[in-house]
Amino acid sequence: DSEPQRAAGVEAIIRFLEHDVVVVPWEGDFQADLDGGFALALVAAGADDGPWQQALGRLWEEAPDLPVFLLIPPGLGRIGARSSSASVLGNLELPLRQAQFAAALKQALNHNARSRAGVPPTMAVPRLVGQSRPMQRVRHLIEQVARSEANVLILGESGTGKEVVACNVHAQSPRRDKPFVPINCGAIPPDLLESELFGHEKGAFTGAISARQGRFELAQGGTLFLDEIGDMSLHMQVKLLRVLQERRFERVGSNKTIEADVRIIAATHRNLEERIAQGLFREDLFYRLNVFPIELPPLRQRPSDIPVLIEELVRRIEAEGRGSVRFSPAVMSVLGQYHWPGNVRELANLVERLAILCPFDEVQLEDLPDKLLQQAGNAGAPAEEAPASEDGLVAQGM
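All of these numbers come straight from a predicted model, not from anything done at the bench. (Residues numbered from 1 in each chain as written. Predicted model: local features only at pLDDT ≥ 70, side-chain atom pairs only at ≥ 80, totals over all residues. Heavy atoms only, no water.)

Chemist: I would appreciate a short explanation of unusual backbone geometry in the present structure.
Modeler: Across residues other than glycine, the phi torsion is negative in most instances, and most of the peptide bonds are trans. Here the bond from Leu94 into Pro95 is cis, since omega is 0°, no more than 30 degrees from zero. Secondary-structure assignment places Pro95 in the loop between β3 (88-93) and α3 (98-115). You will see that Arg247, though not glycine, has its phi angle at about 60°, which is positive. Of note, Arg247 is situated in the loop between α8 (234-246) and β7 (248-250). (Helix = DSSP H or I, 4+ residues; strand = E, 2+ residues; numbered from the N terminus.)

Chemist: How do you make sense of the confidence of the model for the chain when you look at a structure like this?
Modeler: Parts of the model with low pLDDT should not have their predicted coordinates read in detail. Scored by pLDDT, the chain has a mean of 83; 84% of the residues are at 70 or more. Across the chain, element-level confidence peaks in strand β4 (residues 152-155) with a mean pLDDT of 98 and bottoms out in helix α2 (residues 51-62) with 75. Low pLDDT, under 50, characterises residues 380-398; the stretch is placed with 42 contacts to residues that sit more than four places away or in other chains. (pLDDT = per-residue confidence, 0-100. Contact = heavy atoms within 4.5 Å.)

Chemist: Any chance you could explain the sheet that holds strand β10 (residues 292-295) here in plain terms?
Modeler: Pairing between sheet strands relies on hydrogen bonds along the backbone, with the strands arranged either parallel or antiparallel. Read across the open sheet, the 5 strands follow the order β5-β6-β9-β4-β10; overall the sheet is parallel. Strands at the two margins of the open sheet, each flanked by one partner only, are β5 (180-184) and β10. When strand polarity is set aside, the average angle formed by the axes of neighbouring strands in this sheet is 20°. Looking at chain direction, strand β6 (residues 223-227) and strand β9 (residues 263-268) are connected through 4 bridges and run parallel. Opposite Leu226, over in β9, you have Ala266 as the bridge partner. (Pairing = 2+ DSSP bridges. Axes fitted to C-alpha atoms, helices over the stretch in contact; angles between N-to-C directions.)

Chemist: Sorry if this is basic, but what is going on with helix α6 (residues 190-198) here?
Modeler: Given 3.6 residues per turn, any residue in an α-helix points the same way as the ones three and four places further on. Every buried residue of α6 is listed here: Leu193, Ser195, Glu196, Leu197 and Phe198. The inward-facing, buried residues of α6 contact β5, α7 (215-218), β6, α8 and β7. Immediately downstream of α6, the backbone of Gly199 shows phi near 80°, a positive value. (Buried < 20%, exposed > 50% of the residue type's maximum accessible area, 1.4 Å probe, protein only.)

This is the structure in structure tokens:
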């Protein structure tokens, strides 16, 4: 910074939070200071091009991996990435706030871990967030079925979190220490799905230049999650039914039998009973899979969970070092009135987009997509006048 009073204020806050800090003027020589090893750099930015951008360029030359946050005076607005170097992770508005700085520091430390040590973020079992009555029932069903070996069929619209439920069933089961292997049956061409599921031997077909394990082998002792099972071809349904009945299979191009010690969890957004009537899904396979059904409610049927879902999604973004964002009461009211055709996935995408557009800032109505504002405007009464939900607002997990 080039303003001693402003720099002193920022320094005081950082030292109050028990961190070491070095203050250098824009035109100062900070090359020697960089040898000490820092978590991040804070650069006071101005409204116009000037010495602060020159200082940023020098910092980039001396320490290209050092994460940088720009300190923005009140009322200046956000400075886009195009006017800064690739090392700039975001903007922090002055006066600097404790929560804002703590989130930036966490993001910087994650950046350092990845770029310097090559340590990827730890993958954890996704939480099932929500304390509305429909989600309490889903959580109860998971607890009931997890310790059994029964096949589970998860039903629900796209984006409701069917894979999250499958992960939680596996995590609470005796197979938790073995692999959880997902496969999207609708995303793989029918002529390749057999090889993906059961594996193949070298030379089994054109392009099979080496032997390969299938998902059933990779999931041995654990759980195989068959997502979008309703899109599986009838030919593959017959082969899957045989494995479920006999608990054994062969790789493509082999006559060697392999035991299948695998628990099956399937999921679909389609109405399987309608597809059975249309001749598109085998009835015997349906009954094999539908031992223990779990139906996920769409987000529009549990609007009371939206605040805690947003809180969890922001927490994940912060934990992954991808910034932070806050939502104004007016925005929360609009989000509660939206129909959410894409369910939780659509909400997650919106939160991530707003974290990029409004880093470390509070989202206002003008930051929301037009279609969302239009639907909320057509909804009539504001959120506080809508029929009261009988669901609670406190959640322990997604």
